[in-house]
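# Reading the structure
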Amino acid sequence: MQVKIHPSWQAQLENEFVKPYFQSLIAFVKEEYAKHRCFPKGNQIFSAFDFCPFDAVKVVIIGQDPYHGLGQANGLCFSVNDGIAFPPSLINIFKEIEQDLAIPFPQSGNLERWGKQGILLLNATLTVRESEAGSHQNKGWEDFTDAVIQRISDQKENVVFLLWGGFAKKKGAKINRSKHCVLETGHPSPLSANRGLWFGNKHFSKTNIFLTSKGKNPIQW
């Protein structure tokens, strides 16, 4: 089966697409989308890769699974479609950017603008059934996204990995820290942020300082 993904990623991941687990995963996803309302839309499942080609990756942010409310998910972790109320985690992300870089709180929660600058907004699980958080976990997506992270770690240099919360930290455990910048902090969810584990991490300014030091353009957050 041909996966519709950016050609640069197709070249990097073609061996993954023919593995038995991935074939089973695609069959599962097709059945779920046929029988239930699932998110994101089918043509947005690989949006993170389409907005950020392999050669362009400068930063990786790792989320868990897509938002499961109607109209929210668009294939980019933490991102919501235009016109959708900002979820609490996204509000806290924008609050930290505001504090860290004195950037005004944005009008749009759609993070396509980040993807276009070289940020891979990668959920560990790329699909979900409506109103059922985690419903597509442990079906193969985690194996696939582990392979994505491993490929970036192995094939690229000086990428910034932002690992927010325990789940992301585990997901990024095998990143080669001798050739990449790995920044870790608590999750931006209210549960974590209200315990003092998110605000003040300055990941956004630290990312730009690192990128600039390597001769790369900083991110316009």
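Attention here is on the structure that accompanies the text. (Residues numbered from 1 in each chain as written. Predicted model: local features only at pLDDT ≥ 70, side-chain atom pairs only at ≥ 80, totals over all residues. Heavy atoms only, no water.)

All right, on to the side chain of E32 then. Residue placement: E32 occurs in helix α2 (residues 20-35). Judged by relative accessible area, which is 7%, E32 ranks as buried. Setting aside chain neighbours within four positions, we find E32 in contact with C38, R129 and H136. (Helix = DSSP H or I, 4+ residues; strand = E, 2+ residues; numbered from the N terminus. Buried < 20%, exposed > 50% of the residue type's maximum accessible area, 1.4 Å probe, protein only. Contact = heavy atoms within 4.5 Å.)

This paragraph deals with the pairing of strand β3 (residues 119-123). Counting buried residues in β3 gives 5 out of 5 residues, a clear majority hidden from the surface. Note: strand β2 (residues 59-63) against β3, 5 bridges, orientation parallel. Bridge assignment links I61 to a residue of β3, and that residue is L121. (Pairing = 2+ DSSP bridges.)

This brings us to the environment of L120. Mapped onto the elements, L120 comes out in strand β3. In this structure L120 comes out as buried when scored by relative accessible area, which is 0%. Sequence spacing of L120 and F51 is 69 residues, and the spatial spacing of their C-alpha atoms is 8.0 Å. Excluding residues that lie within four positions of it along the chain, L120 makes contacts with W9, A48, F49, C52, V59, V60, I61, V148 and I152.

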